[in-house]
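# Structure at a glance
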Amino acid sequence: MLNTALSAINSYQRALATTSHNIANVNTEGFSRQTVNFATNLPQATGAGAIGSGVTVADISRSYDQFVVDQMRNSSSSFNQFQSYSDLSSQIDKLLSDPATGISGALNGFFGSLQELSDSPASLPARQIVLAEANALASRLGSAEAQLEQIDEEINTRIQVAVEDINSLGNQIAELNTRITEISARSGAGSANDLLDQRDQALFELSSYINISVTRQDGDVVSVFAGGGQALVLNERSFQLEATRNEYNPSRLEVSIGGSGGSLQISERINGGTLGGALSFRSEVLDPTLSQLGQITYGIASAVNTQHRAGMDLNGLRGGDFFSVPTPAALPSSNNTGSSSVQVGIAAIGELDASSYRLSYNGSNYELYNNENGSLQPLAGSGTTADPFLAGGLSLVVSGSPAAGDSFLVEPTAQMAAQFGVSITRGADIAAAAATRSFAATTNNGDLTVRDSQVQDPEDPQLLVSSTIEFLSPTAYQINGSGNFPYNSGDTILINGTTVTLEGTPVSGDRVTIEANTGGVGDNRNSLAMVSIEQLGIFSNGTASVSALSSQLLSSVAVATRTSSVNASSQQTLLAQSVAR
């Protein structure tokens, strides 16, 4: 009887101690309530039968549901991914949508000032306003790219912090695996409950940085794998992540994992958590935004410059470049062993998009891959200066001696906004007038009129050379005294880079003259043509304008921000439910 009583006292003393332990840890994060499970002692055999010998503690178990714990980790990974994505996206959304920092207002200001100049083409104050708005546009575009680069640096910092914390948690989990194995082997089941809680808490914290899968090995040991299948912890061994320099852009960090053969870059394989959210944001929002911003910048510079060269300024001089034209970039891989180099140009702006490419040498030929979808792009040409490679609106000239495996990252528009600037400094240098003018002779006897006259090709070397259209009959004319060309009312005639649209019925001897627009200070045709560039279809093979591309950029960032915010709220609710369970 005394032994039976003593077994009860000892067993319930352990139960009371466990209850006290539960109460003491009620606010300990990650602690699981523990329960003492009792069992009868082996009975004593007698001739009359077995006599009970009291009670013993069978084990001490945790209130633990593996399914709920896995669900909680998954919810934590998803919530932190969307939250990180949303926080970073909202920075770009505010940057682009804010009237004080966005590019839409600056675009409207510049083209609006050109419209005002068209009302008073000889006005110097109106010309100064155009220059001021042009400089404001250049400043706004450069500032936007600078702030996007700051966000890129912020992602670098996030990568460094996340890698350090992931490594620390991996080491902690591997160490806990060792201690749990030792204690369980020495003291039996239930003796390592507190260590199991600590390990679960470490796994939960790890899931906030990266999506993980946890596999139970022999006994209570676990192995941890990243979402892409890369081992972070195997039994009692942890594997360290590294923040390494990007192969093409040393200012950008990637996530790698060390091994006997060197570091392996695994950024593309990482998903979930704050680290996965930051990497996804960089590839899905930041990089496309930088490229589209550069695409808009190049489109403005190229189109305005082309049109400005078709005009004449207040001093009777041909218009030159209004803006400085940015140049595309080709970044060599740090692993290149050859001596090759690549020069990139824009061959067709209508075919240009925001994609980036990888140009690789396979030992015998160059191959161009689209980085967004990995597709192989057809290359026309031979890659020489006289016959460059042509693809996606780009021209590529390769030189030097490449080695097999050498590659280049081609980013046609990613860094263009920072190079954008205004090339002219005086208002009088703005070519608001067209370079040529066309008029019917006052001595004409027919009702022939010049409906329209535009500079079609500002690069024509004979653009400013005077030309005369003389009619041989109501249906035929000659140019500069030679030829015999048919005529119908409404025909457009191209001469030395200038198009002239004529209407009416001429008589023999009627003339139209095309000449340099010297002294045409009241002419606003070229400034009106520059105004039209805002809505002109210069992108996507003539289907998208500067204004449309700017709106598309703003809306795509807004949609990404809103979607990630909604997803973060949804996952936060699921996480709270899992934690409560």
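First things first, this report covers the structure right here in the doc. In this text, all values refer to a predicted model and were calculated from it rather than measured experimentally.

### Concerning the packing of helix α6 (residues 273-308) against helix α8 (residues 546-580)
At a closest axis distance of 10 Å, the pairing of α6 and α8 adopts a crossing angle of 170 degrees. With respect to each other, α6 and α8 are oriented roughly antiparallel. Across the interface between the two elements, Val285, Thr289, Gln292, Leu293, Gln295, Ile296 and Ile300 of α6 pack against Val546, Leu549, Ser550, Leu553, Val557 and Ala560 of α8. Considered class by class, the residues forming the contact of α6 with α8 number nine nonpolar, four polar and no charged.

### Structural notes on α6
In this model α6 runs 51 Å from its N-terminal to its C-terminal C-alpha over 36 residues, within 8% of the 52 Å that 1.5 Å per residue would give. A maximum bend of about 40 degrees is found in α6 at Arg282. Burial analysis of α6 places 29 of its 36 residues in the buried class, the great majority of the element.

### Looking at the side chain of Ser333
Relative to the helices and strands, Ser333 resides in the loop between β14 (329-332) and β15 (341-346). With a relative accessible area of 6%, Ser333 lands in the buried category. Of note is the side chain of Ser333, whose polar atom sits 3.0 Å from the backbone nitrogen of Asn335. When residues no more than four places from it in sequence are discounted, the contact partners of Ser333 are Glu247, Tyr248 and Ser407.

### Focus: the sheet that holds β15
Here we have three strands laid out as an open sheet, ordered β15-β20-β19, and antiparallel in their pairing. Each having just a single partner strand, β15 and β19 (389-391) make up the two edges of the open sheet. Each strand of the sheet is rotated relative to its neighbour by a mean of 25 degrees, with strand direction disregarded. Of the strand pairs in this sheet, β19 and strand β20 (residues 394-399) are connected by three bridges, and their pairing is antiparallel. Within β20, the residue paired with Leu390 across the bridge is Ser395.

### Concerning the sheet that holds strand β26 (residues 467-473)
Within a sheet, neighbouring strands are paired by backbone hydrogen bonds and run either parallel or antiparallel to one another. Across the sheet, which stays open at both edges, the five strands sit in the order β24-β31-β26-β27-β28 with antiparallel pairing between neighbours. Two strands bound the open sheet, and with one partner strand each, they are β24 (436-440) and β28 (482-486). Each adjacent strand pair in this sheet contributes to an overall mean axis angle of 20 degrees, direction not counted. Inspection of the sheet shows β26 paired to strand β31 (residues 511-516) by four bridges, in the antiparallel sense.

Rules used in this analysis
- Residues numbered from 1 in each chain as written.
- Predicted model: local features only at pLDDT ≥ 70, side-chain atom pairs only at ≥ 80, totals over all residues.
- Heavy atoms only, no water.
- Axes fitted to C-alpha atoms, helices over the stretch in contact; angles between N-to-C directions.
- Helix = DSSP H or I, 4+ residues; strand = E, 2+ residues; numbered from the N terminus.
- Parallel < 35°, antiparallel > 145°, perpendicular 65-115°, else oblique.
- Contact = heavy atoms within 4.5 Å.
- Nonpolar A, V, L, I, M, F, W, Y, C, P; charged D, E, K, R; others polar.
- Expected span 1.5 Å × (residues − 1).
- Bend = angle between axes of the 7 residues up to and from the residue.
- Buried < 20%, exposed > 50% of the residue type's maximum accessible area, 1.4 Å probe, protein only.
- Polar contact = N/O pair within 3.5 Å; in protein donor to acceptor, adjacent residues only side chain to side chain.
- Pairing = 2+ DSSP bridges.

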